[in-house]
Amino acid sequence: MLSVREVTVRYGPFLALDGVSLEVGRGEIVGLIGPNGAGKSTLLRALAGLVTPAAGSIALRGRPLAGVEAFRRVGLGMALVPEGRGLFPHMSVEENLLMGAYAVRDRARVRENFERVWALFPVLADRRRQLAGTLSGGQQQMLAIGAGLMSNPEICLFDEPSMGLAPIVIGEIAEGLHRLREAGLTVLLAEQNAKLASDVASRIYILQTGRIRYHDIPENLLRNPEVVEGFLSVY
Ligand SMILES: Nc1ncnc2c1ncn2[C@@H]1O[C@H](COP(=O)(O)OP(=O)(O)OP(=O)(O)O)[C@@H](O)[C@H]1O
Ligand SMILES: [Mg+2]
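Within each chain, residue numbers correspond to sequence positions counted from 1 in written order. All chains are assigned letters beginning with A, and all ligands numbers beginning with 1, in the order in which they are written. Confidence filtering applies because this is a predicted model: local features only for residues at pLDDT of at least 70, side-chain atom pairs given and counted only at 80 or more, and all residues used for totals across whole chains, interfaces and linings. In computing side-chain properties, one takes all heavy atoms of the structure into account and sets aside hydrogens as well as water.

**Student:** Talk me through helix 7 (residues 167-182); I want residue IDs and the actual numbers.
**Tutor:** Side chains that are three or four residues apart share a direction in an α-helix, a result of its 3.6 residues per turn. Helix numbering and strand numbering both begin at the N terminus, where a helix is a DSSP run of H or I of at least 4 residues and a strand a DSSP run of E of at least 2. To estimate how far a helix should reach, multiply one less than its number of residues by 1.5 Å. Taking 1.5 Å of rise per residue, the 16 residues of helix 7 would be expected to cover 22 Å, and the 23 Å separating its terminal C-alpha atoms lies within 8% of that figure. Listed in full, the buried residues belonging to helix 7 are V169, I170, I173, A174, G176, L177 and L180. The buried side chains of helix 7 occupy one side of the element, clustering within an arc of 160° when seen end-on. Along helix 7, exposed side chains directed more than 90 degrees from the buried face belong to P167, I168 and E182. The inward-facing, buried residues of helix 7 contact strand 3 (29-33), helix 4 (107-120), helix 6 (137-149), strand 7 (155-159), strand 8 (186-191) and helix 8 (194-200). The rule is simple: take the accessible area with a 1.4 Å probe, protein chains only, and divide by the maximum for that residue type; under 20% is buried, over 50% is exposed, in between is partly exposed. By arc we mean the arc of the directions from the helix axis to the C-beta atoms, nothing more. We call two residues contacting when some pair of their heavy atoms lies within 4.5 Å.

Right under this line is the structure:
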């Protein structure tokens, strides 16, 4: 579904990503974990077309994305749910979801997508008229994921959905991710929360200072003392 080859991103003289390669297969949830400043958000932003790599290539379903603008990537089936959630706090739950569907022309499709989000996160359905800014942190994250789903993505890029949430709420997000995988969605999940990533992902890439340091299935990473000590300290 997604193929990233030797991607390098610079912010002025600063090398934020240094030859990053990774693959995400159709229907897979892939974890991207790494500490603060590792380059997780930079990679997701490069995939979404919000920063331009200095080198390397990104392909979606075999189609190279170089020169394809961010809003067109949404139309090609890629949705980014950004760090900090990117909601409109003074708009209702329903209006925020509608904003997520801006690229969808077919009204029947938009109605279907609403139903899908209500089914995935029933708490949002109960609060459809409530202002997004007055939701709890966990509800806001569910809304951000829901807004991403409103564009009919085939692949979703989630940037640290667990940020600032209590463990029990992270569990609800994990359940939502499991249900999305059952529904066939492909996900690249950037996380500092290694437990969440290992719970839901079939494979994990560990990013540190702009480079992929490890790539394996969670079970193997959890058996590697060097990895556990360096990156999975939550265990
Ligand atoms: N617009 C920018 N200009 C200059 N440097 C930047 C910019 N954005 C990010 N960086 C730097 O690039 C590096 C990677 O940042 P990035 O936000 O991708 O990390 P991250 O893995 O998402 O971290 P976090 O877990 O804290 O969100 C950091 O050192 C950061 O300071
Ligand atoms: Mg980040």
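From this point, things continue past the structure.
**Student:** Please give an account of the sheet that holds strand 5 (residues 63-64) that cites residues and values.
**Tutor:** Criterion used throughout: strands pair if DSSP finds at least two bridges between them. If you trace the four strands from one edge of the open sheet to the other, you get 2-1-4-5, paired in antiparallel fashion. Two strands lie at the open edges of the sheet, namely strand 2 (14-24) and strand 5, each paired on one side alone. Sheet topology note: the strand 1 (residues 2-11)/strand 2 ladder contains seven bridges and is antiparallel. Bridging across to strand 2, V9 finds its partner in L17. The axes used here are C-alpha line fits, helices contributing only the stretch in contact, and every angle between their N-to-C directions lies in the interval 0 to 180 degrees. Along the sheet, helix 1 (residues 40-48) makes contact with strand 1, strand 2 and strand 4 (55-60), crossing strand 1 at roughly 115°.

From the geometry alone we can't say anything about function, so treat these as descriptive.
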